[in-house]
Amino acid sequence: MKTTNSTCFRIQNVLILFSGLLFVFSPLFSCKKDNLDPNSSSPNPALVSYLRFNHYVDDLTVSYDTVMYVNDFGNNFSIETIRYFISNVAFVHSNGQVINIVDAVYVDPRLEGYDQLKITSSIPNGHYIGIKFTFGLDSIMNQTGVFNNFPEVAMEWPQMMGGGYHYMKLEGRYEHQGNYNHFNFHTGPLNNNKNYFQVELPMSMNVNNGVFDITLAMEIQNWFKNPNSFDLTTIAQGMMGSQTKQELVKNNGIDVFSVE
């Protein structure tokens, strides 16, 4: 009988210990099950908006590094570089309210990540009928030293010409008398002239949950026509030092952009 009682006592101890272990570890198993439950609650991902940019020649997506286009003047040309700033971007609500979106955007479709802007702040819901922006950087914003990092810093405008930053670098090659010459179609604040200009475009966009996804399209041919037919052979030595050329570009830029 003594042996039997001792054996029963040991069995009781084991059962008590096993029950205690189940009590300790059961919350761990329970938490793991909860995490795997597809119906369990989890934070919603942040809502994100996009401002995107597409670039065309003759209504077709631009092809780079091949002399395959003909402009209004008759120059055969290619496109190698498209880099520019737009700023003071705002949407116009159907109720007349103007909603500021972003101060400045640098665009370079050949550089990964610079053909669109990701925006994490929300805007009021409703119907929007227009977009407004400055092509380039206005006089207040366009100050040397505002940008310190690549690629924006590579857009610096020479100090001897007024400083600040280029509005645009549009570059390529053109054919002339059997030769292929490089052109630099550069715009900027020559001697502090206000060569930037305002763009206002109609659009129809409904915003829900405070987010949007909109694309601006640039038609490159329009830089070379309407109202001025632009001869690329006249800028073989550049155009940064010519206010006359800067004015031609400014006037031609009025119908370069559209909303897709």
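In this text, all values refer to a predicted model and were calculated from it rather than measured experimentally.

## Section: the packing of aromatic side chains
Now for step 1: Counting across every chain of the model gives 20 aromatic pairs.
Now for step 2: Aromatic side chains Phe 135 and Phe 197 sit 5.2 Å apart centroid to centroid with 25° between the ring planes, which places their arrangement in the stacked category. Pair noted here: Phe 135 is in strand 8 (residues 126-135) and Phe 197 is in strand 11 (residues 197-207), with a separation of 62 residues, a long-range link.
Now for step 3: For Phe 135, a relative accessible area of 1% translates into the label buried.
Now for step 4: Of the residues examined, Phe 197 reaches a relative accessible area of 7% and is grouped as buried.
Now for step 5: Here the aromatic residues Phe 53, Tyr 69, Phe 77, Tyr 84, Phe 133, Phe 135, Phe 185, Phe 197, Trp 223, Phe 224, Phe 230 and Phe 257 are joined through ring pairs into a cluster of three or more.
Now for step 6: Above the ring of Tyr 50, the side-chain terminus of Arg 52 is found at 4.4 Å from the ring centroid.
Now for step 7: One residue, Arg 110, lies across the ring of Tyr 64, its end atom 4.2 Å from the ring centre.

## Quick word on the nonpolar core
Now for step 1: Within the largest apolar cluster, 50 residues are counted, with the highest numbers of intra-cluster contacts made by Tyr 84, Phe 91, Phe 135, Phe 185, Ile 220 and Trp 223.
Now for step 2: Broken down by secondary-structure element, the contributors of at least two residues to this core are strand 1 (49-57), strand 5 (81-93), strand 6 (98-107), strand 8, strand 9 (168-176), strand 10 (179-187), strand 11 and strand 12 (213-219).
Now for step 3: No other element matches strand 11, which puts six residues into this core.
Now for step 4: When sequence neighbours within four positions are dropped, the list of residues in contact with Phe 185 reads Met 168, Lys 169, Leu 170, Trp 223, Phe 224, Phe 230, Ile 235, Met 239 and Val 249.

## Details of the environment of Val 67
Now for step 1: Tracing the chain through its elements places Val 67 in the loop between strand 2 (60-61) and strand 3 (69-70).
Now for step 2: Sequence separation between Val 67 and Ser 78 is 11 residues; the distance between their C-alpha atoms is 4.2 Å.

## As for the pattern of salt bridges
Now for step 1: For the structure shown, the criterion picks out four salt bridges.
Now for step 2: Here Arg 83 ties to Asp 108 by a salt bridge, and the two come within 3.3 Å at their closest N and O atoms. With Arg 83 in strand 5 and Asp 108 in the loop between strand 6 and strand 7 (116-119), the pair connects residues that are 25 residues apart, well separated along the chain.
Now for step 3: Residue classification places Arg 83 among the partly exposed residues on the basis of a relative accessible area of 31%.

## Focus on the pairing of strand 1
Strand residues, when the strand is regular, have side chains that alternate between the two faces of the sheet.
Now for step 1: One ladder, built from four bridges, connects strand 1 with strand 7; its direction is antiparallel. By the bridge assignment for strand 7, Arg 52 is matched with Gln 116.
Now for step 2: Pairing analysis gives seven bridges linking strand 1 to strand 12, with the strands arranged parallel. Across the sheet, the residue bridging to Asn 54 is Ala 217, located in strand 12.
Now for step 3: Where strand 1 and strand 2 come together, two bridges link them in antiparallel fashion.

## A look at the side chain of Gln 221
Now for step 1: Residue position: Gln 221 is located in the loop between strand 12 and helix 2 (243-252).
Now for step 2: With relative accessibility at 4%, the residue Gln 221 sits in the buried group.
Now for step 3: In contact with Gln 221, not counting residues within four places along its chain, are Val 57, Asp 58, Val 70, Asn 71, Asp 72 and Phe 77.

## So, the confidence of the model for the protein
In regions of low pLDDT, the predicted coordinates are not meant to be interpreted in detail.
Now for step 1: With 82% of its residues at a pLDDT of 70 or more, the protein has an overall mean of 86.
Now for step 2: Below a pLDDT of 50 lies the segment residues 1-44, which in the model reaches two contacts outside its immediate sequence neighbourhood of four places, other chains included.

## Brief notes about helix 2
Now for step 1: Listing the buried residues of helix 2 in full gives Lys 245, Gln 246, Val 249 and Asn 252. For helix 2, the angular spread of the buried residues around the axis is 130°, confining them to a single face.

## A look at the side chain of Asn 75
Now for step 1: On the secondary structure map, Asn 75 appears in the loop between strand 3 and strand 4 (76-77).
Now for step 2: The buried category is assigned to Asn 75, whose relative accessible area is 6%.
Now for step 3: Among all residues touching Asn 75, those that are not within four sequence positions of it are Tyr 69, Val 70, Phe 230, Asp 231, Leu 232 and Thr 233.

## What about unusual backbone geometry?
Now for step 1: With an omega of 10°, the peptide bond running from Phe 150 to Pro 151 counts as cis.
Now for step 2: Note that Pro 151 resides in the loop between strand 8 and strand 9.
Now for step 3: For Asp 65, which is not a glycine, the phi torsion comes out positive at approximately 70°.
Now for step 4: You can see Asp 65 is positioned in the loop between strand 2 and strand 3.

What counts as what
- Residues numbered from 1 in each chain as written.
- Predicted model: local features only at pLDDT ≥ 70, side-chain atom pairs only at ≥ 80, totals over all residues.
- Heavy atoms only, no water.
- Phe/Tyr/Trp six-rings, centres within 6.5 Å; stacked < 30°, edge-to-face > 60°.
- Helix = DSSP H or I, 4+ residues; strand = E, 2+ residues; numbered from the N terminus.
- Buried < 20%, exposed > 50% of the residue type's maximum accessible area, 1.4 Å probe, protein only.
- Lys NZ or Arg CZ within 6 Å of the ring centre and 35° of its normal.
- Core = buried A, V, L, I, M, F, W, Y, C linked by side-chain atoms within 4.5 Å.
- Contact = heavy atoms within 4.5 Å.
- Salt bridge = Lys/Arg side-chain N within 4 Å of Asp/Glu carboxyl O.
- Pairing = 2+ DSSP bridges.
- pLDDT = per-residue confidence, 0-100.
- Arc of directions from axis to C-beta.

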